[in-house]
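An overview of the molecular structure
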Amino acid sequence: PARTVAARLPAPEPMIEPESLAPEPAPAIEPAAPAPEPPPVEDPAPREEPVPANELDFRTPTATVTSFTRALGRAKWDNVVACFLPGGVDYEDIQELANAENSPRRSAVAFKYVLESLDPDAALEIVVSEEAPDGRMKLVWKSTLKRDCEIEGQTFHKGDPFELDATLARTEDGQWLIDNF
């Protein structure tokens, strides 16, 4: 059997009108005046330089708990202890915890391992920030775990949120340090 192929015919060309019927050309457009110069850009007001991730920052309660959490996740216990108010409620306890590998208490060793499992590079989520009548600040924050860990029969997995809380006091030189953890 023979095949039929449909072909499209080209569209008809438009009719050319005689020159007498063609529209007159539009008048030439004069160039627009040059745009005015934009005003000079002023330098923004100077801002405080951000503190590098490996340094401690005690300027605000949030900065302190961020420094604390990063130090924990990096197992930098000298920095962890530096986040606490000397002579404060938990100052001696945090020093003990820093040396927990020498402790006969398994719970201290397990708690230290959990704290060192915090991801030092993960953003913190401040859940509660309340000022007490005495001027102290109560903070509750969530961090993220960088590895699986277990404490008191509860298993946590890498990527899980882990909630911490602390009360911070402002020192005479304006630093915020952890008093109760």
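The structure under discussion appears in the preceding block.
So, a few notes on the structure that sits alongside this text. Just so you know, these numbers come straight off a predicted model, no measurement behind them. (Residues numbered from 1 in each chain as written. Predicted model: local features only at pLDDT ≥ 70, side-chain atom pairs only at ≥ 80, totals over all residues. Heavy atoms only, no water.)

1. Things to note about the overall build of the protein chain
Let me state the cut-off plainly: For the purposes of this entry, the term helix denotes a DSSP run of H or I that reaches at least four residues, the term strand denotes a run of E that reaches at least two, and both are numbered from the N terminus. For every residue, the accessible area (1.4 Å probe, protein chains only) is compared with the maximum for its type, and the residue is labelled buried under 20%, exposed over 50%, or partly exposed between those bounds. Whether two residues are in contact is decided by their heavy atoms, any of which lying within 4.5 Å being enough. In short, Shrake-Rupley with a 1.4 Å probe defines the accessible areas, and a residue's cover is counted only from the protein chains shown.
Secondary structure summary: the protein chain contains 4 helices and 6 strands in total. Written out in order from the N terminus, the α and β elements of the protein chain read α-α-α-α-β-β-β-β-β-β. In the protein chain, which comprises 181 residues, the proportion classed as buried is 29%. Within the protein chain, contacts between residues at least 6 apart in sequence are counted, and of these 51% link residues at least 24 apart. Accessible surface for the protein chain amounts to roughly 13,600 Å². Of this, 53% is attributable to carbon and sulfur atoms.

2. Observations concerning the sheet that holds strand 1 (residues 125-131)
Two strands in a sheet stick together by hydrogen bonds in their backbones, pointing the same way (parallel) or opposite ways (antiparallel). Put simply, the test is: Two strands form a pair only when DSSP identifies at least two bridges running between them. Every axis in this analysis is a line fitted to C-alpha atoms, fitted for helices over the stretch in contact. Angles between the N-to-C directions lie between 0 and 180 degrees.
Taking strand neighbours across the sheet as the criterion, the 4 strands line up as 1-2-5-6 in an open arrangement whose pairing is antiparallel. A single partner strand is all that each edge strand has here, and the edge strands are strand 1 and strand 6 (176-180). Strand after strand, the sheet turns through a mean of 35 degrees between neighbouring axes, direction not considered. As paired elements, strand 1 and strand 2 (residues 137-144) share 6 bridges and run antiparallel to each other. The residue bridging Glu130 from the neighbouring strand is Lys138, located in strand 2. In this fold helix 1 (residues 61-73) packs onto strand 1, strand 2, strand 5 (161-170) and strand 6, with an angle of close to 40 degrees to the strand it touches most, strand 2.

3. Observations concerning unusual backbone geometry
We note that Ala75 has phi near 55 degrees; this positive angle belongs to a residue other than glycine. Looking at where Ala75 falls in the secondary structure, it is placed in the loop between helix 1 and helix 2 (77-82). The exposure class assigned to Ala75 is partly exposed, which follows from its relative accessible area of 38%. With a phi angle near 50 degrees, Glu152 is a residue other than glycine that sits in the positive phi range. Here Glu152 is to be found in the loop between strand 3 (149-151) and strand 4 (154-156).

4. Some thoughts on the packing of aromatic side chains
Where two aromatic rings form a pair, the distance of their centres and the angle of their planes describe that pair. Inclusion rule: Note on aromatic pairs: the rings of Phe, Tyr and Trp (six-membered ring only in Trp) are paired at centre separations within 6.5 Å, and the planes decide the class, stacked below 30 degrees, edge-to-face beyond 60, tilted for the rest. For a ring to carry a charge above it, either NZ of a lysine or CZ of an arginine must fall within 6 Å of the ring centroid while also lying within 35 degrees of the normal to the ring plane.
In this structure the tally under the stated criterion is 5 aromatic pairs. Residues Phe68 and Phe84 carry aromatic rings whose centres are separated by 5.5 Å and whose planes lie at 70 degrees to one another, so their mutual orientation is edge-to-face. Of this pair, Phe68 sits in helix 1 while Phe84 is found in the loop between helix 2 and helix 3 (91-98), placing the two residues 16 residues apart along the sequence. Comparing Phe68 with Phe84, the two get one shared label, buried. Cation over ring: Arg147 sits above Tyr113, and NZ or CZ is 4.1 Å from the ring centre.

5. Looking at the environment of Leu115
Within the secondary structure, Leu115 sits in helix 4 (residues 106-115). Put simply, Leu115 and Thr69 are 46 residues apart on the chain and 8.3 Å apart in space, counted from C-alpha to C-alpha. Not counting chain neighbours up to four residues away, the residues in contact with Leu115 comprise Leu72, Gly73, Trp77, Leu97, Leu164 and Phe181.

Nothing here speaks to function; it is all geometry.
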